[in-house]
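Spelled out, the chains give:
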Amino acid sequence: MIRRYDFGCPVETGAIPEKPEALRDSVPYFTQTTREGRLCFTLALDKDDMIFGLGEQIRGINKRGHLYVSWNLDDPNQNESRSSLYAAHNFLVFVQEERTFGVYFDDPGRITFDLGYTHGGEAVITSENGDLSVYVVDGPDAVSVCRAFRKLIGRSYIPPRWAMGYMQSRWGYASEEDFRKVVREHRERHIPLDSVCMDIDYMDNYKDFTWNRQLIPDLTKLSADLKRDHIRLVPIIDAGVKVLDGYDVYEEGEQKGYFCKKADGTDFVGAVWPGRSVFPDFLRPEVRQWFGDHYHRLLEQGVEGFWNDMNEPALFYSEETLQAAFEELENLKGQNLDINGVFHLKDIVNNLANNMEDYRRFYHQCGDRRVRHDKVHNLYGAHMTRAAAEGFRSYAPEKRFLMFSRSSFIGSHRYGGVWQGDNSAWWGHILQNLRELPALNMCGFLFNGADIGGFGGNTTEDLLLRWLQLGVFTPLLRNHACLGTREQEIYRFDNWEAMRDVLTVRYALLPYLYSEFMQAALTDDLMFRPLAFDYPEDTVACHTEDQVMLGHDCMIAPVYEQNAIGRHVYLPEDMLMVRFRSAEDYDLVPVPAGHCWVNLQLHEFPLFIRKNHVIPLARAAEYSEAVSVEGLRLLGWMESDTEVHTQLYWDDGVTTEPVLEDGLTAIDLVQDGMSLHCSMEDADLTGVVIE
Ligand code: GLC
């Protein structure tokens, strides 16, 4: 059952396509209070209660014990002291002794989740706007709560299958030769690869929908040549539009009045990569259509996917804050700056970016209401993603395009995926990558992944290798790094062969991973789940924070510590460990339920398959189009005299309206004591262990 409650005058966020009628009584389970104009919802917590959700956020799978703020923010320092990342995913699942329920706060403004931080025994959710809808989703259990919520928010975005291949990216590739070289280096070494990202350097002076014609004289040819090699180019698009006379996107938007305005009706000017920029009011359908149609310029060059960035929106400064800063700095000139003076000086500069004052300076048009930006801040990136998706649909409605965004809000999960923002080359960020997987799925974002190897800081060979060993299971598998950091393409490292071997496993598992992704998308299910969701009666499983369930059949447990030679794994049930070195080289080790230590040398990583389940493994391939579902090997651990039934979904990977039944093939394995039979013709059963 899903119940809706309205407060104040909620803005249409687009999160819920079909809303149940609003009820007049108060939200169940919570106590409602108003504090200084803010609306607070308080829930008493027992010692053993657990809280899941919040999508892209820092810290644990169980979110209890910290303070989180939904305020989309461009800040690359993703450490444990942070409360906000790039997205606002206001959905939580409370697992309590007496009930399990979900609650969604459909509020596009700033909202704080104090989940046992101020007082361990209570959760307090505070909406600054006070204008919102609250949806309560009842159990019986966490998985059904999530499925009901996902059904409410609508089907998740489905990318083309090539987007689940390996993607190489780096801020700094600029010229045609840079892109060709990346492809050459991979292909020469047989390192699998499906796409290469184009970061801001491909643009002409950081102008959206342009490319530098000196560095890339013929983009159509480049893209066609690479496509012959089964490689797609994936350019970035930023939210801010450069202010420049003669630049058609700026002039057109300006003339149509499409950029966000200040109270006096003039354009709000903030700075991003190109310096002074204006910001399309993506909350208006006509602006979305106009901006979305501009993607056609690159689609016409053969491009089939994009990433949307800086769409929190990120602001380096506004004209007003910059002016005020210069004046204040002038005042400080010649003064004897003591400790307070020095801090003040630093603050003047540090507070230039993403300043709250700036977010209160401009407005959006939401239907017939003019709304100040800070009231709807968290919608901006989501509506940019929607603009792109609508642009793709008008270009080729029958075709899937790749779209992933940095900023997001629930609702944009129908239009694109996300990456987890500017992480760092830290071991702890492998764990963060893992922990966000189930939480993002709960909020609808199935297509997601992190910058593998780490975006900021210098990676190390072992960090990249271990991170790839997690990345091969995540739908978005992208190696990306910041300008100025150590180059981290696989071929730069002595141990590149081990990394290549890890990637062969991704391509061998693609039929399984794609099938699980599609089944999750088409049935509003979770591809990744906390162990707590599958084994709610198992206290150890419920508190396991470094392993997650994958699909119907598996569990993953990556190594995330330097110099480790293995790790501790908790098995809630008997499982077959596949210790992979490559798609062709692995051990099959039946492991009984309980605690165990698993040896994993640097080039080895595990996948755990539940007993009496089987998963298919294809032959290794160098790009996704070469992956075949003929002659699959089946891996699994069966008890004798059992039957195992599983389903594999496979389609052409590009058309827009996939139908579950059309793509499913049954795999039935029967072990009748004498021999093993499989319903799938030409399946190779050497990976099936019989007890
Ligand atoms: C932002 C993005 C990052 C990108 C950089 C340059 O920091 O998050 O991925 O490389 O901008 O465009």
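Refer to the structure printed above.
What you see is a predicted model; the values in this text were computed from it and never measured. What you see as residue numbers is a count from 1 along each chain, following the sequence as written. A pLDDT threshold of at least 70 governs which residues receive local features in this predicted model, and a stricter bar of 80 or more applies before side-chain atom pairs are shown or counted, although totals over entire chains, interfaces and linings include all residues. As a convention, hydrogens and water are excluded, and side-chain values are obtained from all of the structure's heavy atoms.

A.B. asks: Is there a simple way to explain the nonpolar core in this structure?
C.D. replies: Across soluble globular proteins, nonpolar side chains have a tendency to be buried as a group. We call a set of buried Ala, Val, Leu, Ile, Met, Phe, Trp, Tyr and Cys residues a nonpolar core when their side-chain atoms join them within 4.5 Å. Summary of the burial criterion: residues with accessible area below 20% of their type's maximum are buried, those above 50% are exposed, and those between are partly exposed, where the area comes from a 1.4 Å probe applied to protein chains only. Ranked by internal contacts, the top residues of the largest apolar core, which has 187 residues, are Phe91, Phe404 and Leu468. Per-element accounting of this core gives the leading share, 17 residues, to helix 14 (residues 496-522). We call two residues in contact whenever any of their non-hydrogen atoms come within 4.5 Å of each other. Sequence-distant contacts of phenylalanine 404, that is, excluding residues within four places in its chain, are made with Met167, Cys197, Val234, Phe306, Trp307, Asn308, Gly417, Val418, Trp419, Phe447, Leu476 and Arg478. If you look at the next biggest cluster of nonpolar residues, it comprises 24 residues, including Val27, Leu43, Tyr68 and Leu115. Here a strand is any run of E in DSSP of at least two residues, a helix any run of H or I of at least four, and the numbering for each starts at the N terminus.

A.B. asks: Any chance you could explain the sheet that holds strand 5 (residues 50-53) here in plain terms?
C.D. replies: Pairing in this open sheet of six strands is mixed, and the strands run 2-1-12-9-8-5 from one edge to the other. Since the sheet does not close on itself, it has two edges, and those belong to strand 2 (22-23) and strand 5, each with one partner. Here strand 8 (residues 91-95) runs beside strand 9 (residues 100-106); their pairing, made up of five bridges, is antiparallel. Residue pairing in the sheet places phenylalanine 91 in a bridge with tyrosine 104 of strand 9. Pairing between strands is defined by DSSP: at least two bridges between the two strands are required.

A.B. asks: What's the story with empty space enclosed by the protein in this structure? I'm lost.
C.D. replies: Gaps between atoms show up when a probe of the same size as a water molecule is rolled over them. For cavity detection a 1 Å grid was placed over the protein atoms alone, and a set of points counts as a cavity when a 1.4 Å probe fits there but cannot get out; an open set counts as a pocket when protein lies on both sides within 12 Å along at least five of seven lines, with lining residues being those that have an atom within 4 Å of a point. Grid points are joined across faces, edges and corners, and a volume is the space filled by probe spheres set on the points. Taken as a whole and judged by the stated rule, the model has two cavities of 30 Å³ or more. Forming the boundary of the largest cavity are Thr13, Gly14, Ala15, Ala382, His383, Arg386, Ile410, Gly411, Ser412, Arg414 and Tyr415. Space inside the second largest cavity adds up to approximately 40 Å³. Lining the second largest cavity, in full, are Gln469, Leu470, Phe473, Ile556, Ala557, Pro558, Phe605 and Pro606. When contributions to the lining of the second largest cavity are tallied by element, the ones reaching two or more residues are helix 13 (461-471) and strand 37 (605-610).

A.B. asks: I tried to follow the sheet that holds strand 21 (residues 317-318) on my own but got confused; where do I start?
C.D. replies: Hydrogen bonds along the backbone pair up the strands of a sheet, which may run parallel or antiparallel. Taken in spatial order, the four strands of this open sheet run 16-19-18-21, and their pairing is antiparallel. In this open sheet, the two strands that pair with only one neighbour each are strand 16 (241-242) and strand 21. Both strand 18 (residues 270-272) and strand 19 (residues 275-278) contribute to a ladder of three bridges, which runs antiparallel. By the bridge assignment, alanine 271 is partnered in strand 19 with arginine 276.

Shape descriptors only; they carry no functional weight alone.
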